[in-house]
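Each chain is listed here by its residues.
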Amino acid sequence: MTPLARLGRAATYAGLILASFISVFPFFWMVVGATNTSAELLKGKTSPGGALWTNIANFWAFADMPRILFNSFFIAAVGTLLTLLVSSLAGYAFEIFRSRFRERLFALLLLMLSVPFAALMIPLFIMMANFKLINTYQAIILPGVASIFIIFYFRQATKAFPHELRDAARIDGLKEWQIFLHVYMPVMRSTYAAATIIVFMANWNNYLWPLIVLQTNDMKTITLTVATLISAYTPDWGVVMVGATVATLPTLVIFFLLQRRFVEGMLGAVK
């Protein structure tokens with residue numbers, strides 16, 4: 001290896017180390033901050049302290065945490081399941097079934113991605129109020145069930161789906177819904193795993209829409225609770241760090257459990 005090549009490799013590793021540090025340090029400081037008092041954090045302390053259990057107790061006493069965590073898990077889990085079912089059905093249909101207006105309709109859906117959510121908030125709120133769904137789980141879950149991005153993602157992934165399997169299933173007498181359940185879904189499990197991570201994180205971290213439609217404390221989610229901690233006149237930053245850590249852990253667990261499938265799904269792998 002030439003000296004120039006060694007220098008290039010060293011520069012590459014140095015850049016990767018720097019990028020890794022920048023990416024990991026905020027999470028490290030969040031976890032370490034949960035063990036320190038607010039005063040210590042304001043001084044910039046980055047080493048573990050002895051206030052962890054006090055911060056956890058204060059965070060737990062701040063609100064009805066079992067109820068809040070249940071709200072977040074229920075919204076994220078049910079929203080993820082419904083979004084994957086509806087959006088994968090739509091993506092499958094857009095790719096498998098041909099019609100005269102298919103591409104025009106799909107282009108219209110993609111065009112709707114350019115509409116900012118801020119422009120939809122008032123119509124959505126009025127619609128939910130007319131259906132008497134304000135301050136309910138349905139108001140949070142239903143608007144995201146037919147996700148245009150996930151429909152697009154599944155349609156693109158379905159292009160790699162072997163059509164011979166569908167033809168063989170039809171010859172065996174399977175109906176279309178049976179083909180979808182027993183052939184398509186098992187073959188596209190990597191795509192489902194990647195979509196699960198994306199949709200679960202979006203539902204779990206959802207802030208603006210729940211802030212608008214959830215109006216009582218017993219319906220609040222973990223993201224709204226952490227935001228309430230931060231908005232206090234004198235925030236206890238140690239407690240805030242505990243809340244941020246609790247809010248981050250489920251998404252980390254989901255990602256690490258499905259990490260290999262996520263990479264395969266993003267690369268378009270079909271098995």
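What counts and how
- Residues numbered from 1 in each chain as written.
- Predicted model: local features only at pLDDT ≥ 70, side-chain atom pairs only at ≥ 80, totals over all residues.
- Heavy atoms only, no water.
- Helix = DSSP H or I, 4+ residues; strand = E, 2+ residues; numbered from the N terminus.
- Rg over C-alpha atoms; globule rule 2.2 N^0.38 Å.
- Buried < 20%, exposed > 50% of the residue type's maximum accessible area, 1.4 Å probe, protein only.
- Salt bridge = Lys/Arg side-chain N within 4 Å of Asp/Glu carboxyl O.
- 1 Å grid on protein atoms, 1.4 Å probe; cavity = no way out; pocket = protein on both sides within 12 Å on 5 of 7 lines; lining within 4 Å.
- Points joined across faces, edges and corners; volume = space filled by probe spheres on them.
- Nonpolar A, V, L, I, M, F, W, Y, C, P; charged D, E, K, R; others polar.
- Phe/Tyr/Trp six-rings, centres within 6.5 Å; stacked < 30°, edge-to-face > 60°.
- Lys NZ or Arg CZ within 6 Å of the ring centre and 35° of its normal.
- Axes fitted to C-alpha atoms, helices over the stretch in contact; angles between N-to-C directions.
- Parallel < 35°, antiparallel > 145°, perpendicular 65-115°, else oblique.
- Contact = heavy atoms within 4.5 Å.
- Polar contact = N/O pair within 3.5 Å; in protein donor to acceptor, adjacent residues only side chain to side chain.
- pLDDT = per-residue confidence, 0-100.

Engineer: So what's going on with the overall build of the protein chain? Residues and values would help.
Structural biologist: Looking only at helices and strands, the protein chain features 15 helices and 0 strands. Relative to the globule expectation of 18 Å for 271 residues, the C-alpha radius of gyration of the protein chain, 23 Å, shows a markedly less compact shape. In terms of overall dimensions, the protein chain has a C-alpha envelope of 70 × 70 × 35 Å along the principal axes. Among the 271 residues that make up the protein chain, the fraction classed as buried is 37%.

Engineer: Describe the pattern of salt bridges, listing the residues and the values that go with them.
Structural biologist: If you walk through the whole model with that rule in mind, you get 7 salt bridges. Of the charged contacts, one joins lysine 45 and glutamate 40 as a salt bridge, the two residues approaching to 3.7 Å between their closest N and O atoms. On the basis of relative accessibility, which here comes to 27%, the residue glutamate 40 falls in the partly exposed class. For arginine 102, the salt bridge identified is with glutamate 103, shortest N-O distance 3.2 Å.

Engineer: Describe the layout of surface pockets, with residues and values.
Structural biologist: The computed volume of the largest pocket comes to approximately 950 Å³. In terms of lining, the largest pocket is formed by 29 residues, of which the most central are Phe117, Pro143, Gly144, Ala146 and Ser147. Going through the elements one at a time, helix 5 (102–112), helix 6 (117–130), helix 8 (148–158) and helix 11 (189–204) are the ones with two or more residues in the lining of the largest pocket. Considering each element in turn, the lining of the largest pocket owes the most residues, 5 residues, to helix 6. Class assignment of the residues belonging to the lining of the largest pocket gives a composition of 24 nonpolar, 5 polar and no charged.

Engineer: Break down empty space enclosed by the protein for me, with residues and values.
Structural biologist: To find the voids left in a structure, one rolls a probe of water-molecule size over its atoms. On inspection of all chains with the given rule, the structure shows 1 cavity of 30 Å³ or more. Empty space within the largest cavity amounts to approximately 60 Å³. If you go around the largest cavity, the residues you meet are Ser72, Ile75, Ile140, Asn203, Trp204, Asn206, Pro210, Thr221 and Thr223. Taken together, the elements giving at least two residues each to the lining of the largest cavity come down to helix 4 (65–96) and helix 11.

Engineer: Describe the packing of aromatic side chains, naming the residues involved and giving the relevant values.
Structural biologist: A full pass over the atoms with the stated rule returns 17 aromatic pairs. Here the aromatic rings of tyrosine 92 and phenylalanine 97 are separated by 6.2 Å at their centres, their planes lie at 85°, and the arrangement is edge-to-face. For tyrosine 92, a relative accessible area of 3% corresponds to the buried category. Seen from their ring centres, tyrosine 92 and phenylalanine 180 are 5.3 Å apart, and the 70° between their planes marks the pair as edge-to-face. With tyrosine 92 in helix 4 and phenylalanine 180 in helix 10 (residues 176–187), this residue pair connects regions lying 88 residues apart in the sequence. Of the two residues, tyrosine 92 and phenylalanine 180, neither departs from the other in class, the shared state being buried. Three or more aromatic residues link up through ring pairs in this structure, and these residues are Tyr92, Phe97, Phe161, Phe180 and Tyr184. Its guanidinium or amino end placed over the ring of phenylalanine 106, arginine 155 lies 4.5 Å from that ring's centre, counting from NZ or CZ.

Engineer: Explain the packing of helix 4 against helix 10 residue by residue, including any values.
Structural biologist: Between helix 4 and helix 10, whose axes approach to 12 Å, the crossing angle comes to 110°. When the axis of helix 4 is compared with that of helix 10, the two are roughly perpendicular. Along its contact with helix 4, which presents Ser88, Leu89 and Tyr92, the element helix 10 presents Glu176, Ile179, Phe180 and Tyr184.

Engineer: So, the side chain of threonine 221: which residues are in play, and what are the values?
Structural biologist: Topologically, threonine 221 is positioned in the loop between helix 12 (208–213) and helix 13 (222–230). There is a polar contact of 3.1 Å between the side chain of threonine 221 and the side chain of threonine 223. When neighbours within four sequence positions are excluded, threonine 221 is seen to be in contact with Ile68, Ser72, Ile75 and Leu214.

Engineer: An account of the side chain of serine 87 is needed here, citing residue identities and associated values.
Structural biologist: For serine 87, the position within the fold is in helix 4. Serine 87 gets classed as buried once you look at its relative accessible area, which sits at 0%. Here serine 147 takes part through its backbone nitrogen, which lies 3.3 Å from a polar atom of the side chain of serine 87.

Engineer: Residue-level account of the environment of alanine 168, with values.
Structural biologist: Along the polypeptide, alanine 168 turns up in helix 9 (residues 163–171). Each C-alpha atom of the pair alanine 168 and isoleucine 179 lies 9.8 Å from the other, and the pair is 11 residues apart in sequence.

Engineer: Break down the confidence of the model for the protein chain for me, citing the residues and quoting the values.
Structural biologist: Looking at the protein chain as a whole, its pLDDT mean stands at 88, while 96% of the residues score no less than 70. The element-level mean pLDDT for the protein chain is lowest in helix 15 (residues 259–266), coming to 67, with helix 7 (residues 137–141) highest at 94.

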